[in-house]
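# Reading the structure
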Amino acid sequence: MASNGDNNASAKPPPEPSPLRKAKFFQANMRILVTGGAGFIGSHLVDRLMQNEKNEVIVVDNYFTGSKDNLKQWMGHPRFELIRHDVTEPLLIEVDQIYHLACPASPIFYKYNPVKTIKTNVIGTLNMLGLAKRVGARILLTSTSEVYGDPLIHPQDESYWGNVNPIGVRSCYDEGKRVAETLMFDYHRQHGIEIRIARIFNTYGPRMNIDDGRVVSNFIAQAIRDEPLTVQLPGTQTRSFCYVSDMVDGLIRLMEGDNTGPINIGNPGEFTMLELAENVKELINPEVQIITVENTPDDPRQRKPVITKAKSLLGWEPTIKLRDGIPLMEDDFRGRLGISRKK
């Protein structure tokens, strides 16, 4: 599709990352770099990649929002390596694939340090593309549904260019990811880099930061602590929630497939914030109150992915319903908060 600028670059192919990749008697393992691999989605992706004995996984993270705790089961494993590094600094490393997830992804974190956020999106992506170019690696960027801004069309498919405020408090994230997508396609066209772009929609599950300001983690933590569920006005704004194991499956299928993307990866089941609060209340703590609070600026009114491309090109669609995912997340949150269920 021409609008995605996917014309074939005629650059000379870069060298294989390992001289032993196609050796006669010895096959080198696939070396996979995951930036942001100590984070919520990143650590689940690492878990899945480590299940394949032919993969060596290298995680790069600066722990701005990630945590070593998310990777503790792999510490000391011979196929696993963890490097404390900020992607805004160049990295020299030999790898075959790069999953570039590094970026603060919740409003509390990216508004706390907007300059760091846009640097991560722009300079971090430039550095990872430079690495991919040097070593001939395929690179996948986790972009975001936020590239659609406050959408004027509903639901959103990949051809929609978006409706984004360039100077708002969220712009460091929204516009940062839009620039990251631009950089990916420019490197692809100019240097022949193999790129993949996933536009990921709201994702939830175990290991989310408990106080990260995202709506699912907020509601679940509030319900467990017997606090009122705070719904931002008007409460009719919608989101679509994808369970993290489904998300990881979509990312791996995109990386392993032949399509550059961008491809929406998300769950098209759409909920208003009030409906989400009612579900959390019913499933976790029926005693808890639901109250409304003021909203933050530039909060999108609607979010729902069209996943026709993911279905047809990747054979992917989500399998876990919200009502099945919430209890799995509750168990994880209770363990970390040290609050057991009432008898």
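Counting restarts for each chain: residues are numbered from 1 in the order of the written sequence. In view of the model being predicted, local features appear only for residues whose pLDDT reaches at least 70, and side-chain atom pairs are presented and counted only at 80 or more, with totals across whole chains, interfaces and linings using the full set of residues. To get the side-chain values, all heavy atoms of the structure are used, and hydrogens and water are removed first.

## Overview of the UniProt feature "domain: NAD(P)-binding" (unreviewed entry) in the chain
- UniProt tags residues 33–328 as "domain: NAD(P)-binding" (unreviewed entry).
- The straight-line gap between the two end C-alpha atoms of residues 33–328 is 28 Å; of that span, 37% is helix and 18% is strand. UniProt positions are given in the numbering used here, feature names are shortened, and annotations may be inferred rather than shown by experiment. A helix here means a DSSP run of H or I that spans at least four residues, while a strand means a run of E at least two residues long, and both kinds are numbered starting from the N terminus.

## A short note on the side chain of E181
- Among the secondary structure elements, E181 is positioned in helix 4 (residues 171–191).
- What qualifies as a polar contact is a pair of N or O atoms within 3.5 Å, subject to a donor-acceptor requirement within protein and to the restriction that residues adjacent in sequence count only when both atoms come from side chains. Among the polar contacts made by the side chain of E181, one reaches the side chain of S143 at a distance of 2.6 Å.
- Here, residues are in contact when the closest pair of their heavy atoms is within 4.5 Å. Discounting chain neighbours no more than four positions away, the residues touching E181 are L141, S143, V147, I197, R199 and P262.

## Here we look at unusual backbone geometry
- Of note, the bond from H154 into P155 is cis; its omega dihedral lies within 30 degrees of zero at -10 degrees.
- Inspection of the secondary structure puts P155 in the loop between strand 5 (138–144) and helix 4.
- At R207, a position not held by glycine, the phi torsion is positive, near 80 degrees.
- Residue position: R207 is located in the loop between strand 7 (203–204) and helix 5 (215–224).
- Each residue is assigned to one of three classes by its accessible area relative to the maximum for its type, calculated with a 1.4 Å probe on protein chains only: buried under 20%, partly exposed between the two thresholds, exposed over 50%. Looking at R207, the relative accessible area reads 18%, which means it is buried.
- Although it is not a glycine, D226 adopts a positive phi angle of roughly 65 degrees.
- Looking at the secondary structure, you find D226 in the loop between helix 5 and strand 8 (229–232).

## Notes on the packing of helix 5 against helix 9 (residues 322–337)
- In this analysis an axis means a line fitted to C-alpha atoms, helices contributing only their contacting stretch, and an angle means the value between N-to-C directions, from 0 to 180 degrees. Where helix 5 contacts helix 9, the axes come no closer than 10 Å and their chain directions differ by 60 degrees. When the axis of helix 5 is compared with that of helix 9, the two are oblique. Crossing of helix 5 over helix 9 shows right-handed handedness. For the pair formed by helix 5 and helix 9, the contact residues are V216, S217, I220, A221 and I224 on the first element and I326, M329, E330, F333, R334 and L337 on the second.
- Among the residues forming the contact of helix 5 with helix 9, the class breakdown is eight nonpolar, one polar and two charged. Here the angle decides the label: under 35 degrees means roughly parallel, over 145 means roughly antiparallel, 65 to 115 means roughly perpendicular, and every other value means oblique. Here a crossing is taken to be left-handed if its near helix is turned anticlockwise relative to the far helix by less than a right angle, and right-handed if that turn runs clockwise. Residue polarity follows a fixed list, in which Ala, Val, Leu, Ile, Met, Phe, Trp, Tyr, Cys and Pro are nonpolar, Asp, Glu, Lys and Arg are charged, and the others, Gly among them, are polar.

## With respect to the packing of helix 7 (residues 273–284) against helix 9
- Interaxial distance between helix 7 and helix 9 falls to 10 Å at its minimum, and their mutual angle equals 60 degrees. Classified by the angle their axes make, helix 7 and helix 9 are oblique. Viewed along their axes, helix 7 and helix 9 form a crossing whose handedness is right-handed. Of the residues in helix 9, those in contact with L276, N279, V280, E282, L283 and I284 of helix 7 are L322, R323, I326, E330 and R334.
- Tallied by class, residues from the contact of helix 7 with helix 9 come to six nonpolar, one polar and four charged.

## Structural notes on helix 5
- Most of helix 5 is tucked away, with nine of its 10 residues classed as buried.
- For helix 5, the complete set of buried residues consists of V215, V216, S217, F219, I220, A221, Q222, A223 and I224.
- On its buried side, helix 5 packs onto strand 7, strand 8, helix 7 and helix 9.
- D226 lies just past helix 5 and shows a positive phi near 65 degrees.

## Considerations on the sheet that holds strand 6 (residues 195–200)
- In short, DSSP must find at least two bridges between two strands for them to pair. One open sheet holds the seven strands; their spatial order is 3-2-1-4-5-6-11, and the pairing between them is parallel. The strands lining the two open edges of the sheet, one partner per strand, are strand 3 (80–84) and strand 11 (263–265). Taken over all neighbouring pairs, the strand axes of this sheet differ in orientation by 20 degrees on average, direction set aside.
- By the bridge criterion, six bridges tie strand 5 to strand 6 in an arrangement that is parallel.

## A closer look at the nonpolar core
- Among the buried residues, those of types Ala, Val, Leu, Ile, Met, Phe, Trp, Tyr and Cys that are joined through side-chain atoms within 4.5 Å form a nonpolar core. By size, the foremost hydrophobic cluster in this structure holds 59 residues, and its most contacted members are V34 and Y99.
- Not counting residues up to four positions away in its chain, the partners in contact with V34 are G42, L45, V46, L49, V57, I58, V59, V60, Y99 and L101.
- By size, the runner-up hydrophobic cluster in this structure holds 25 residues, among which are V87, L91, I139 and I193.

## Some remarks on the pairing of strand 8
- With burial as the criterion, only one face of strand 8 is covered, namely that bearing L229 and V231; the residues T230 and Q232 on the opposite face remain uncovered.
- Bridging between strand 8 and strand 13 (residues 290–293) involves four bridges; their strand directions are parallel. Within strand 13, the position partnered with V231 by the bridge is T292.

## Let's talk about the pattern of salt bridges
- Salt-bridge detection follows one rule: a side-chain nitrogen of Lys or Arg within 4 Å of a carboxyl oxygen of Asp or Glu. Throughout the structure, instances matching the rule amount to 20 salt bridges.
- The salt bridge partner of E146 is R303, with a shortest N-O separation of 3.4 Å. Taken as a pair, E146 in the loop between strand 5 and helix 4 and R303 in the loop between strand 13 and helix 8 (308–314) lie far apart in primary sequence, 157 residues in all. A single burial state applies to E146 and to R303, both of which are buried.
- Between E282 and R323 there is a salt bridge, with its nearest N and O atoms 2.9 Å apart. Of this pair, E282 sits in helix 7 while R323 sits in helix 9, placing them 41 residues apart in sequence.
- Under the relative-accessibility criterion, R323 is labelled partly exposed at 36%.

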